[in-house]
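One letter stands for each residue in the lines below.
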Amino acid sequence: MPEVSIESIHPDQLSTEALRELVELHLKAYDRDRSVREQIIYHTKAWADPHRRRGIVEYLLREDQHIVACGYSFVRTIQTTQGPMDVLTLAGVGTHPDRRGKGYGARVVRCVFDRIDAGEAPFCLFQTGEARPFYEKLDARIVDNRFIDSTATARGEDPGVNPFVDDWVMVYPAKGPWPAGEIDLGGPGY
């Protein structure tokens, strides 16, 4: 029986070896057409983004000391029709293709959702594509708000364009008073 453990770590504390193993996992999990070097640069830029620095935590699930599933979360203040709201985010969830079906991805996601259940924020806000049923089984739901990014103009982009790229925007928990109307992410999608 393999030894399975999960750890939460700030990305700045990742060793060079763990960072390389993490990006190799992402390349396999997402079937990306990038080199390891390009993926390291991508991760480093994402973690350095000031919109993602607040409370960023990387979750690493290891099987026999090898990273086989991961995801990360950070705090983002969004603007809603009811005023500002701090939410937890969920991004970069991936499981090694050879390890899928063992519940490893769910364990990583539960680490973030447990923070919501403990009262750290009222919701976890994230986007997904084909994994929608996976998140629905974990008690997340789709929201149909219009999402914008008021900071896009400073980057020469249209602030009215949806900053999320996946098909579905979801929140956890499925129950609760999610605000209606337009939501300003106040930063790029994740």
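Preceding block: the structure.
Residues numbered from 1 in each chain as written. Predicted model: local features only at pLDDT ≥ 70, side-chain atom pairs only at ≥ 80, totals over all residues. Heavy atoms only, no water.

Undergrad: Which residues make up the overall build of the protein chain, and what values do they have?
TA: If you tally the helices and strands in the protein chain, you get 4 helices and 11 strands. Against the compact-globule benchmark of 16 Å for 190 residues, the protein chain has a radius of gyration of 16 Å, which places it among compact chains. Overall, the protein chain is about 50 × 35 × 30 Å in size when its C-alpha atoms are taken along their principal axes. Within the protein chain, buried positions represent 47% of all 190 residues. Considering only contacts in the protein chain between residues 6 or more positions apart, those separated by 24 or more positions represent 69%. Accessible area of the protein chain: about 9,600 Å², with a carbon and sulfur share of 50%. Between the averaged position of the 23 positive side-chain charges in the protein chain and that of its 29 negative side-chain charges there is a distance of 1 Å. (Helix = DSSP H or I, 4+ residues; strand = E, 2+ residues; numbered from the N terminus. Rg over C-alpha atoms; globule rule 2.2 N^0.38 Å. Buried < 20%, exposed > 50% of the residue type's maximum accessible area, 1.4 Å probe, protein only. Contact = heavy atoms within 4.5 Å. Areas by Shrake-Rupley, 256 points an atom, 1.4 Å probe, with all protein chains shown as cover. Lys, Arg positive; Asp, Glu negative; His and termini not counted. Charge placed at Lys NZ, Arg CZ, Asp CG, Glu CD.)

Undergrad: Can you break down the nonpolar core residue by residue, with the values?
TA: Buried together is how nonpolar side chains tend to be arranged in soluble globular proteins. Ranked by internal contacts, the top residues of the largest apolar core, which has 32 residues, are Leu-14, Ile-78, Leu-125, Phe-147 and Trp-178. Mapped onto this core, the elements with two or more residues apiece are α1 (16-30), α2 (36-48), β3 (66-73), β5 (83-89) and β10 (168-172). The leading source of residues in this core is α1, at 6 residues. Judged by nonpolar contacts, the second largest core, of 23 residues, contains Val-57, Leu-90, Phe-126 and Ala-140. (Core = buried A, V, L, I, M, F, W, Y, C linked by side-chain atoms within 4.5 Å.)

Undergrad: Got a sec to walk through the sheet that holds β3? Specific residues and values, please.
TA: The pairing of strands in a sheet comes from backbone hydrogen bonds and takes either a parallel or an antiparallel form. Taken together, the 4 strands give an open sheet; going across it, the order is β1-β2-β3-β6, and neighbouring strands pair in antiparallel fashion. Unpaired on one side and paired on the other, β1 (4-9) and β6 (91-95) mark the two borders of the sheet. Looking at each pair of strands side by side, their axes are set apart by 20 degrees on average, direction ignored. Sheet topology note: the β1/strand β2 (residues 57-63) ladder contains 6 bridges and is antiparallel. Across the sheet, the residue bridging to Ile-9 is Glu-58, located in β2. Across the sheet, α1 touches β2, β3 and β6, and the angle it forms with β3 is around 85 degrees. (Pairing = 2+ DSSP bridges. Axes fitted to C-alpha atoms, helices over the stretch in contact; angles between N-to-C directions.)

Undergrad: A description of the pairing of strand β7 (residues 124-128) should follow, citing residues and the corresponding values.
TA: Within β7, 5 of the 5 residues are buried, which leaves the element mostly enclosed by the surrounding structure. Relative to β7, β5 runs parallel, the two sharing 2 bridges. Looking at β7, one finds that Leu-88 is bridged to Cys-124. As paired elements, β7 and β10 share 5 bridges and run antiparallel to each other. Note that in β10 the partner of Gln-127 across the bridge is Val-169.

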